[in-house]
There are 2 protein chains.
Amino acid sequence: MRKLKESRRPEILDAALQVVAERGLEAVSMRSVAQRIGLTPMALYGYFRSKEELLDAVLGRLLEEIQPPPPGCGWRSVLVHLSYEVRAVAQRHPSVLPLILTRPAVSPVVLRVNDLLYQALLAAGVPPAEIPRLERLLGTVVIGHVLSEVSGRFGAGTLDPAGRRAQPGAGELPGHEALAAELDRPVDWDAEFRANVDELLDLVERRSVAERRPLAEPRPLAEPRPLVERRT
Amino acid sequence: MRKLKESRRPEILDAALQVVAERGLEAVSMRSVAQRIGLTPMALYGYFRSKEELLDAVLGRLLEEIQPPPPGCGWRSVLVHLSYEVRAVAQRHPSVLPLILTRPAVSPVVLRVNDLLYQALLAAGVPPAEIPRLERLLGTVVIGHVLSEVSGRFGAGTLDPAGRRAQPGAGELPGHEALAAELDRPVDWDAEFRANVDELLDLVERRSVAERRPLAEPRPLAEPRPLVERRT
DNA sequence: GACTGACGGTATACACCGTAGACTCGTCGG
DNA sequence: CCGACGAGTCTACGGTGTATACCGTCAGTC
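Residues numbered from 1 in each chain as written. Chains lettered and ligands numbered in written order. Predicted model: local features only at pLDDT ≥ 70, side-chain atom pairs only at ≥ 80, totals over all residues. Heavy atoms only, no water.

- As recorded in an unreviewed UniProt entry, chain A goes by the name TetR family transcriptional regulator, listed as coming from Actinoplanes palleronii.

Okay, here's the thing in structure tokens:
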């Protein structure tokens, strides 16, 4: 039997990942990827219809690296675990990450992860009408944070606050001045990520019906607000 | 006096915005932009050192469209206003948005917006040590939501849930099945954005010291959309 | 054993891209 | 009048994605 056509797809994706790891995302071209495995650029078109489709496949491969949560742990642990896994994958392949918001990313693996999120939110006792929105919010926060961390939105702008304050006319930025001490302090991104996820999960917990377990810590008057009514 | 070189920068940025509005972000090239105002591609290099710098300037121009909040309104109104402004700008120029997370975006206008956020959080009574993180979280949620909405992460994948459930082996996605009714319902993205911002601001309020006003006070459910109308 | 597809891959070509370098002007101060 | 200068052009180079045509090699089948 001849070697199946599908059999070289992983090889090509590996090559693409190598290129992106070594020389950045914009160094990925059909020529550079093909050359790495001794092929002609046009050979890749037997496996992917376009460069776009190849990049989508690269992203899919990345997402397959996220490990499923250990069975039998509570909903909160599941959500925490998945958040950390996403961040870990992102940190392993920082240059590829921008694809995740540029491309629609509808792949089986995304479906599976989403399903785990749905199950966890169901187990948490969140009313079903709220679940899709909360799942999207959680995903947005996790992906948004990781992407900002990796692609520089949190980077130079935030890390050199002294220079930033000096830039415009003096006294133009009273907020920055009042917070100078805090802004100069280096940031522990791990801790910040943990705090954000934790806070989001508190929010989820507050949305759960029946308050199955009254929040362990005495949280001062967190009156659950009536939801904005959605219609349509 | 000779016409200053700086004088044509806005013209070039307008041309770039037209190109991106009509033919998408990847249709922006030095050639296409220059042609639109009757110039040679190389002429642009007198105003921008590279295409990258031009795109950064385009993004900066967009951010300048966001209107400052009307003076004298409360911290919560300020934050709501700014969130909605960002979303409005994004919806006016959806194709340009991916730049905002791809590029570091350190510009004076970003500084000014951040400063307004800092001031609002200070006014809310949030302890200073918490403010930088909360500002980043708020920004991440707003930008992440808008970007997901615009660039398709919320799009095809979520909008055709029936087809998605049919894709993998039956029974592989118990979460999706349990939520089928909810997932089939069309989504009101305006309402979802409002709800997310509102929830984040509740979170901010809960972080504020002294609980200056105990939240029992009836807050108008629907924040009236900022009245300030833009002109350009 | 010869014939026939199909398949993996190649070669060539095209239109386009960002941009470096040298060039041409029209205008200005002296 | 002259030199300087700055805005803009021309040409060219190396790179890109990919459409089209082509080729050798194998699996089966007669």
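1. Examining the overall build of chain A
Piece 1. Scanning chain A for helices and strands turns up twelve helices and zero strands.
Piece 2. When the helices and strands of chain A are listed from N to C terminus, the series reads α-α-α-α-α-α-α-α-α-α-α-α.
Piece 3. Each of the 232 residues in chain A was classed as buried or not, and the buried ones make up 49%.
Piece 4. Put simply, of all contacts in chain A between residues at least 6 apart along the chain, 64% involve residues at least 24 apart.
Piece 5. Accessible surface computed for chain A: about 11,500 Å², of which carbon and sulfur atoms make up 55%. (Helix = DSSP H or I, 4+ residues; strand = E, 2+ residues; numbered from the N terminus. Buried < 20%, exposed > 50% of the residue type's maximum accessible area, 1.4 Å probe, protein only. Contact = heavy atoms within 4.5 Å. Areas by Shrake-Rupley, 256 points an atom, 1.4 Å probe, with all protein chains shown as cover.)

2. A few points about the layout of surface pockets
Piece 1. Size it by volume and the largest pocket reaches roughly 1,200 Å³.
Piece 2. Taken together, 30 residues form the lining of the largest pocket, with Thr102 of chain A together with Leu25, Glu26, Pro98 and Thr102 of chain B sitting closest to its centre.
Piece 3. Secondary-structure elements contributing two or more residues to the lining of the largest pocket are helix H3 (51-63), helix H5 (99-102) and helix H7 (131-151) of chain A together with helix H3 (51-63), helix H5 (99-102) and helix H7 (131-151) of chain B.
Piece 4. Per-class residue counts for the lining of the largest pocket are 14 nonpolar, eight polar and eight charged. (1 Å grid on protein atoms, 1.4 Å probe; cavity = no way out; pocket = protein on both sides within 12 Å on 5 of 7 lines; lining within 4 Å. Points joined across faces, edges and corners; volume = space filled by probe spheres on them. Nonpolar A, V, L, I, M, F, W, Y, C, P; charged D, E, K, R; others polar.)

3. Quick look at helix H6 (residues 108-123) of chain B
Residue and element names in this part refer to chain B.
Piece 1. Relative to the 22 Å expected for 16 residues at 1.5 Å per residue, H6 spans 23 Å between its end C-alpha atoms, a close match to the ideal helical length.
Piece 2. Within H6 the residues assigned to the buried category are Val109, Leu111, Val113, Asn114, Asp115, Leu117, Tyr118, Ala120 and Leu121.
Piece 3. Backbone geometry just after H6 places glycine 125 at a positive phi near 85°. (Expected span 1.5 Å × (residues − 1).)

4. A short note on the side chain of arginine 8 of chain A
Residue and element names in this part refer to chain A.
Piece 1. Within the secondary structure layout, arginine 8 lies in the segment before helix H1 (9-23).
Piece 2. Note on arginine 8: relative accessible area 17%, which makes it buried.
Piece 3. Separated by 3.0 Å, the side chains of arginine 8 and glutamate 11 make a polar contact. (Polar contact = N/O pair within 3.5 Å; in protein donor to acceptor, adjacent residues only side chain to side chain.)

5. Digging into the packing of helix H4 (residues 75-92) of chain A against helix H12 (residues 189-207) of chain A
Residues and elements named next belong to chain A.
Piece 1. The N-to-C vectors of H4 and H12 enclose an angle of 145°; their axes lie 11 Å apart at closest approach. Here H4 and H12 pass one another in a crossing that is right-handed. Together, Trp75, Arg76, Leu79, Val80, Ser83, Tyr84 and Arg87 of H4 and Trp189, Asp190, Phe193, Arg194, Val197, Asp198, Leu201, Asp202, Val204 and Glu205 of H12 make up the contact between the two elements.
Piece 2. Among the residues forming the contact of H4 with H12, the class breakdown is nine nonpolar, one polar and seven charged. (Axes fitted to C-alpha atoms, helices over the stretch in contact; angles between N-to-C directions. Left-handed = near helix turned anticlockwise from the far one by under 90°.)

6. Looking at the packing of helix H4 (residues 75-92) of chain B against H6 of chain B
Think of two packed helices as two axes; the pair is described by the angle between the axes and how far apart they sit.
Residue and element names in this part refer to chain B.
Piece 1. Running from amino to carboxyl end, H4 crosses H6 at an angle of 150°, the nearest separation of the two axes being 8 Å. The angle between H4 and H6 places the two elements in the roughly antiparallel class. Regarding H4 and H6, the two cross each other, and that crossing is left-handed. Taken together, the residues of H6 that come into contact with H4 (itself represented by Trp75, Val78, Leu79 and Leu82) are Val113, Leu116, Leu117, Ala120, Leu121 and Ala123. (Parallel < 35°, antiparallel > 145°, perpendicular 65-115°, else oblique.)

7. Here we look at the environment of glutamate 192 of chain A
Piece 1. The topology assignment puts glutamate 192 of chain A in helix H12.
Piece 2. Placed 178 residues apart in sequence, glutamate 192 of chain A and aspartate 14 of chain A show a C-alpha to C-alpha distance of 32 Å.
Piece 3. In this view, glutamate 192 of chain A contacts His145 and Val187 of chain A together with Arg133 and Arg136 of chain B; residues no more than four positions away in its chain are not counted.
Piece 4. Polar side-chain contacts of glutamate 192 of chain A include one of 2.7 Å to the side chain of arginine 136 of chain B.

8. Some points on the side chain of glutamate 65 of chain B
Residue and element names in this part refer to chain B.
Piece 1. Relative to the helices and strands, glutamate 65 is located in the loop between H3 and H4.
Piece 2. Under the relative-accessibility criterion, glutamate 65 is labelled buried at 9%.
Piece 3. What glutamate 65 contacts, discounting residues up to four positions off in sequence, is Glu85, Val89, Arg92 and His93.

9. Digging into the confidence of the model for chain A
Piece 1. Across chain A, the average pLDDT comes to 83, with 79% of residues at 70 or higher.
Piece 2. When pLDDT is averaged over each element of chain A, helix H2 (residues 30-36) of chain A comes out on top at 97 and helix H8 (residues 156-159) of chain A at the bottom at 49. (pLDDT = per-residue confidence, 0-100.)

10. A short note on the UniProt feature "DNA-binding region" (unreviewed entry) in chain A
Piece 1. UniProt marks residues 29-48 of chain A with the feature "DNA-binding region" (unreviewed entry), using the numbering shown here.
Piece 2. Note that residues 29-48 of chain A is 35% helix and 0% strand, and that its end C-alpha atoms are spaced 13 Å apart. (UniProt positions renumbered as here; feature names shortened; annotations may be inferred.)

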